[in-house]
2 protein chains.
Amino acid sequence: MRIITIEREFGSGGRELGKRLADSLGIPCYDQELIDEVVKLHNLNPEYIEHISESDIRTVYPRTIGHRFSSMRAVANDSIKVAASQKKVIERLASQGDCVLVGRGADVILKDQKPFRIFVYADQVSKIDRCLTRSEKGENKNEILRQMKRIDKNREIYHELLSDTKWGGKENYHLCVNTSGQEIKSLVPALTSYIEQWFQNH
Amino acid sequence: MRIITIEREFGSGGRELGKRLADSLGIPCYDQELIDEVVKLHNLNPEYIEHISESDIRTVYPRTIGHRFSSMRAVANDSIKVAASQKKVIERLASQGDCVLVGRGADVILKDQKPFRIFVYADQVSKIDRCLTRSEKGENKNEILRQMKRIDKNREIYHELLSDTKWGGKENYHLCVNTSGQEIKSLVPALTSYIEQWFQNH
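Keep in mind that this is a model prediction, so the values were computed, not measured. (Residues numbered from 1 in each chain as written. Chains lettered and ligands numbered in written order. Predicted model: local features only at pLDDT ≥ 70, side-chain atom pairs only at ≥ 80, totals over all residues. Heavy atoms only, no water.)

Q: Give me the lowdown on the interface of chain A and chain B, citing residues and values where you can.
A: Put simply, an interface is often sized by how much accessible area is lost when its parts join up. Contact with chain A, which involves 23 residues of that partner, is made by 24 residues of chain B. Where chain A meets chain B, there are zero salt bridges. Taken together, chain A and chain B are joined by 15 residue pairs in polar contact (both at pLDDT 80 or more). Those elements that provide at least two residues to the side of chain A that touches chain B are strand 4 (116-121), strand 5 (175-178) and helix 9 (184-201) of chain A. It is helix 9 of chain A that contributes the most residues to the side of chain A that touches chain B, nine residues altogether. Along the lines of polarity and charge, the residues of the side of chain A that touches chain B split into eleven nonpolar, nine polar and three charged. (Contact = heavy atoms within 4.5 Å. Salt bridge = Lys/Arg side-chain N within 4 Å of Asp/Glu carboxyl O. Polar contact = N/O pair within 3.5 Å; in protein donor to acceptor, adjacent residues only side chain to side chain. Helix = DSSP H or I, 4+ residues; strand = E, 2+ residues; numbered from the N terminus. Nonpolar A, V, L, I, M, F, W, Y, C, P; charged D, E, K, R; others polar.)

This is the structure we're talking about:
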């Protein structure tokens, strides 16, 4: 079974890389689809789930245990419920066959299945450029910087919750790819060969 | 101009990868050759240079400035002289044309030439296995572990001396390659493609 997981810094193009690698390998890529799957399980509103996924888990859990506002406790419980569902969904998707999974801690959730683990990163200038180019809401540079910091921090915290290894620590990945100044598309053929060879060796 | 620099953890197979990549790209690889070049410049004994290169630079410099044993001061001066000569040699070699340079801080020494920078690493089990296999002196596991720790520490210190960036910090490399359980040879075709594509983009 070939499972490829991609963790990525916000704006580094990891999601695009995941989709393109999956296409190149002829296997599915799961990312937004995971959320949709969770939505089906929970019958929640997609925007709500999106919000929960990107909210700072640490601010609502576990510090809110015993919090005087019951609404905060509800949000905390929902965050954990969503994360637990995402985990189950990731396990279920990976059990169905070869795939690329982007984010959501799939690398640590699926560690027993020995996925090929990629970390995608870039320098700040490149990440901001990429975000400005793809932005639909027309955020400015400062808004993107704040968003970047918040989302990456949340990814790190989410990883901390699932594992005792460090998010982005190169020792936890098979390959760390710096996309600074790179067109994602151009990286795909060589990375596809690298992954195919890796699975032949394992 | 295509300059590829390889920094590597001791036992990760970085040197073999450098030589194989250079062969695959049809360009020279400089490693031990650098020392030989320095030897010519200094008319020193090769074993002596090898010893200096791997000795802990920090223990002899700059703490030995003003040291009461003049012999220690001489060693310190020689370490610095050797390092300064290596730097000049690296600059000269890189100015001659496309090449792969393994170690010796070539990545930071040549930063203005914009080399493609690779960091090669592996888990400890793989590194020890690789060392045991290639060992000519028949060291045991503990001896290799001590050697590994000492040499990697020296590489880190040497890097510190030349640059304010962190040795092995993924942000300082274009690609970080984990060779755990991998045959180096098998990684070469895909990495060659990756590097060729990278230079086309730059």
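Further notes follow.
Q: An account of the pairing of strand 4 (residues 116-121) of chain B is needed here, citing residue identities and associated values.
A: Residues and elements named next belong to chain B. Among the six residues in strand 4, five count as buried, and that is most of the element. As judged from the five bridges shared by strand 1 (residues 3-8) and strand 4, these two strands associate in the parallel manner. Counterpart to I4 in the pairing with strand 4 is F116. Alignment of strand 4 against strand 5 (residues 175-178), held across four bridges, turns out to be parallel. Paired with V120 across the bridge in strand 5 is V177. (Buried < 20%, exposed > 50% of the residue type's maximum accessible area, 1.4 Å probe, protein only. Pairing = 2+ DSSP bridges.)

Q: Could you give an account of the packing of helix 9 of chain A against helix 9 (residues 184-201) of chain B, with specific residues and numbers?
A: Where helix 9 of chain A contacts helix 9 of chain B, the axes come no closer than 9 Å and their chain directions differ by 170°. Relative to helix 9 of chain B, the element helix 9 of chain A lies roughly antiparallel. Of the residues in helix 9 of chain B, those touching helix 9 of chain A at A:S186, A:L187, A:A190, A:L191, A:S193, A:Y194, A:Q197 and A:N201 are B:S186, B:L187, B:A190, B:L191, B:S193, B:Y194, B:Q197 and B:N201. By residue class, the composition of the contact of helix 9 of chain A with helix 9 of chain B is eight nonpolar, eight polar and no charged. (Axes fitted to C-alpha atoms, helices over the stretch in contact; angles between N-to-C directions. Parallel < 35°, antiparallel > 145°, perpendicular 65-115°, else oblique.)

Q: Outline the pattern of salt bridges, supporting the account with residue identities and numerical values.
A: Evaluation of the coordinates by the stated rule reveals 14 salt bridges over all chains. For the salt bridge of B:D98 with B:R2, the shortest nitrogen-to-oxygen distance reads 3.2 Å. With B:D98 in the loop between helix 5 (70-96) and strand 3 (99-102) and B:R2 in the segment before strand 1, this residue pair connects regions lying 96 residues apart in the sequence. Residue B:D98 is classed as partly exposed on the basis of its relative accessible area, which comes to 27%. Assessed through its relative accessible area of 23%, B:R2 is described here as partly exposed. The salt bridge partner of B:K153 is B:E156, with a shortest N-O separation of 3.6 Å. Here B:E156 and B:K153 lie together in helix 8 (residues 141-162), a separation of three residues that amounts to about one turn. Judged by relative accessible area, B:K153 falls into the partly exposed class, the value being 35%. Within the structure, one salt-bridge network assembled from shared partners comprises A:R15, A:D31 and A:R104.

Q: Lay out the nonpolar core with the relevant residues and their values.
A: Counting 48 residues, the largest nonpolar core has A:I4, A:F116, A:I118, B:I4, B:F116 and B:I118 as the members making the most contacts within it. Once residues within four sequence positions are removed from consideration, B:I118 is found in contact with B:I4, B:T5, B:I6, B:E7, B:L21, B:Y173, B:L175, B:V177 and B:I195. (Core = buried A, V, L, I, M, F, W, Y, C linked by side-chain atoms within 4.5 Å.)

Q: Please provide a residue-by-residue account of the environment of B:N140, values included.
A: All names here are of chain B. Mapping N140 onto the fold places it in the loop between helix 7 (124-134) and helix 8. Along the sequence, N140 and L21 sit 119 residues apart, while their C-alpha atoms lie 30 Å from each other. One polar contact links the side chain of N140 to the main-chain amide nitrogen of N142, over a distance of 3.1 Å.

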